[in-house]
Amino acid sequence: MSLPPLVEPAAELTVEEVRRYSRHLIIPDVGMDGQKRLKNAKVLCVGAGGLGSPALMYMAAAGVGTLGIIEFDTVDESNLQRQIIHGQSDIGRSKAQSARDSVKEINPLVEVILHEERLDNDNVMEIFSGYDLIVDGTDNFATRYLVNDAAVLLGKPYVWGSIYRFDGQASVFWAEHGPCYRCLYPEAPPPGMVPSCAEGGVLGVLCASIGSIQVNEAIKLLAGIGEPLVGRLMIYDALEMQYRSVKVRKDPNCALCGENPTVTGLIDYESFCGVVSEEASAAAVGSTITSKQLKEWIDSGEPIDIIDVREVNEYEIVSIPGARLIPKNEFLMGNALQDLPQDKRIVLHCKTGVRSAEVLAVLKSAGFADAVHLGGGVIGWVNQIEPEKPVY
């Protein structure tokens, strides 16, 4: 479905701009008119991480006149495997400032606006209102639904992307011309059902594959060329090297953009997405211990069975002394329950405490009333007890 250009063209291109963008200008579908539209465009990138890195770099190179960056995090060494907009010297710096510096190095003609804050209900409408197009590089469901709902309520299109291990997805959501994200995913998956990249990993180069597709779609929307991914979901399998496209139709019963919407404003997205399930939250009350408490139990020889519910690859990176590995899914399937001791207190842990809380709920319901889990997980343990060990 061809769509009209999203922005009007700028008045002119300077001599310097003509030289810089000459390879665009000789493409008939882009030309002077398309490049002027890119110059006049204001695009906000939500996140300067895995997807935001290539998206920002290629939008800067393409000549998008104004780039907004909303990012509250700082650069960590583990980011450098995929977040190519940052470098070794940026570790510890604001990601927003690091990304700005890289953008200006690529193209000093681009205006960069920083929003060094967490995107939330209080600021999203004001921030989004200043841009023509949103590029979504978020990595959690709560923010994805927030981005979608704000874009629909403001009548703005946005380019969405998602990555995990070797798989990526991308689409364009624009309620005026097609479906929104809620049409594709009416409900968030149950807590813990879909691991994050921090839990399951992501092939670094996959970010470039999906991020560049997002920029490609952004250019098409801004310049009014080609067939944007409105109403289509692009799915990429890096291992099989296959792309496929799935049609996504607008849902007349969509809670947000349907014929009789029930969501007419921003909602509590943390609650909607259930970052931790109610069962896990209830199970953790009074059954959460600290790293120092666990260390005291180990040193005093308390009869405990420390169980790591992460995956094998995570366990191989770093583990708590004496812990044995039983991945979370083994508990969810019921396979692990028969191997649990009755004469020891079970201590569960994962990376940060989310997965172990979910498993704790399973054990409580199975009759292991004195089971506990480690708040903060192995990250908290390393930070407090064994700082010489690696974290991931």
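Residues numbered from 1 in each chain as written. Predicted model: local features only at pLDDT ≥ 70, side-chain atom pairs only at ≥ 80, totals over all residues. Heavy atoms only, no water.

A. Examining the nonpolar core more closely. Grouped together as the largest cluster of nonpolar side chains are 43 residues, with contacts concentrated most on Val-43, Leu-56, Met-59, Leu-67, Val-103, Ile-210 and Leu-222. The leading source of residues in this core is helix H10 (residues 204–223), at nine residues. Aside from chain neighbours lying at most four places away, what touches Leu-222 is Pro-5, Leu-6, Val-7, Arg-37, Leu-38, Ala-41, Val-43, Val-64 and Leu-133. Counting 25 residues, the second-largest nonpolar core is a separate cluster that includes Phe-128, Ala-142, Val-147 and Tyr-269. (Core = buried A, V, L, I, M, F, W, Y, C linked by side-chain atoms within 4.5 Å. Buried < 20%, exposed > 50% of the residue type's maximum accessible area, 1.4 Å probe, protein only. Helix = DSSP H or I, 4+ residues; strand = E, 2+ residues; numbered from the N terminus. Contact = heavy atoms within 4.5 Å.)

B. A look at the side chain of Ser-94. Inspection of the secondary structure assignment puts Ser-94 in the loop between strand S2 (66–70) and helix H5 (95–106). Here Ala-96 takes part through its backbone nitrogen, which lies 3.3 Å from a polar atom of the side chain of Ser-94. Within the structure, Ser-94 has its side chain in polar contact with the backbone nitrogen of Gln-97 (distance 3.2 Å). Among residues more than four places away in sequence, those in contact with Ser-94 are Asp-73, Thr-74 and Glu-116. (Polar contact = N/O pair within 3.5 Å; in protein donor to acceptor, adjacent residues only side chain to side chain.)

C. Local environment of the pairing of strand S5 (residues 158–164). With six of seven residues buried, S5 lies mostly within the body of the structure. Bridge analysis of strand S4 (residues 133–136) against S5 gives three bridges, and the strand direction is parallel. Bridging across to S5, Asp-136 finds its partner in Trp-160. Note that the unit made of S4, helix H7 (residues 141–154) and S5 has a crossover that is right-handed. (Pairing = 2+ DSSP bridges. Right-handed = clockwise from strand over helix to strand, strands pointing away.)

D. The arrangement of helix H4 (residues 52–62) in detail. Most of H4 sits out of view: eight of its eleven residues are buried. Listed as buried for H4 are Gly-52, Ser-53, Pro-54, Ala-55, Leu-56, Met-59, Ala-60 and Ala-62. Just downstream of H4, Gly-63 is the residue with a positive phi angle, here 95 degrees.

E. The pattern of salt bridges, seen in detail. Counted by the stated rule, this structure contains 13 salt bridges. Here Arg-93 ties to Asp-101 by a salt bridge, and the two come within 2.8 Å at their closest N and O atoms. For Arg-93, a relative accessible area of 26% translates into the label partly exposed. Across the pair Glu-386 and Lys-389 runs a salt bridge whose closest N-O atoms are separated by 3.2 Å. Because the salt bridges share partners, they merge into one network encompassing Asp-90, Arg-93, Arg-100 and Asp-101. (Salt bridge = Lys/Arg side-chain N within 4 Å of Asp/Glu carboxyl O.)

F. Region of the structure containing the side chain of Asn-79. As for its position among the elements, Asn-79 is in the loop between S2 and H5. By relative accessible area, Asn-79 is classed as buried at 7%. Apart from the residues lying within four places of it in its own chain, the contact partners of Asn-79 are Thr-74 and Lys-95.

G. Here's a closer look at the packing of H4 against H10. Interhelical geometry of H4 versus H10 gives an angle of 40 degrees and a closest axis separation of 8 Å. Between H4 and H10, the angle falls in the class oblique. Two packed elements cross with a definite hand, and for H4 against H10 that hand is right-handed. Contacts from Pro-54, Ala-55, Tyr-58, Met-59 and Ala-62 in H4 reach Cys-207, Ala-208, Gly-211, Val-215 and Ile-219 in H10. Of the residues belonging to the contact of H4 with H10, the class tally is nine nonpolar, one polar and no charged. (Axes fitted to C-alpha atoms, helices over the stretch in contact; angles between N-to-C directions. Parallel < 35°, antiparallel > 145°, perpendicular 65-115°, else oblique. Left-handed = near helix turned anticlockwise from the far one by under 90°. Nonpolar A, V, L, I, M, F, W, Y, C, P; charged D, E, K, R; others polar.)

H. Region of the structure containing the sheet that holds strand S10 (residues 304–308). Pairing in this open sheet of five strands is parallel, and the strands run S9-S13-S12-S10-S11 from one edge to the other. Across the chains shown, the open sheet's two edge strands, defined by having one partner strand only, are strand S9 (288–289) and strand S11 (324–325). Where strand S12 (residues 345–349) and strand S13 (residues 372–374) come together, two bridges link them in parallel fashion. Within the sheet, the bridge partner assigned to Val-347 lies in S13 and is Val-372.

I. Inspection of the sheet that holds S4 at higher detail. The strand order across the open sheet formed by eight strands is S3-S2-S1-S4-S5-S6-S7-S8, and the pairing between neighbours is mixed. Strands at the two margins of the open sheet, each flanked by one partner only, are strand S3 (111–115) and strand S8 (242–247). Within the sheet, the average angular offset between the axes of one strand and its neighbour, ignoring direction, is 15 degrees. Sheet topology note: the S5/strand S6 (residues 167–173) ladder contains seven bridges and is antiparallel.

J. Main features of unusual backbone geometry. Here Arg-165, not a glycine, exhibits a phi torsion of approximately 55 degrees, which is positive. Tracing the sequence through the fold places Arg-165 in the loop between S5 and S6. On the basis of relative accessibility, which here comes to 37%, the residue Arg-165 falls in the partly exposed class. At Met-241, a position not held by glycine, the phi torsion is positive, near 55 degrees. By secondary structure assignment, the location of Met-241 is in the loop between strand S7 (232–237) and S8.

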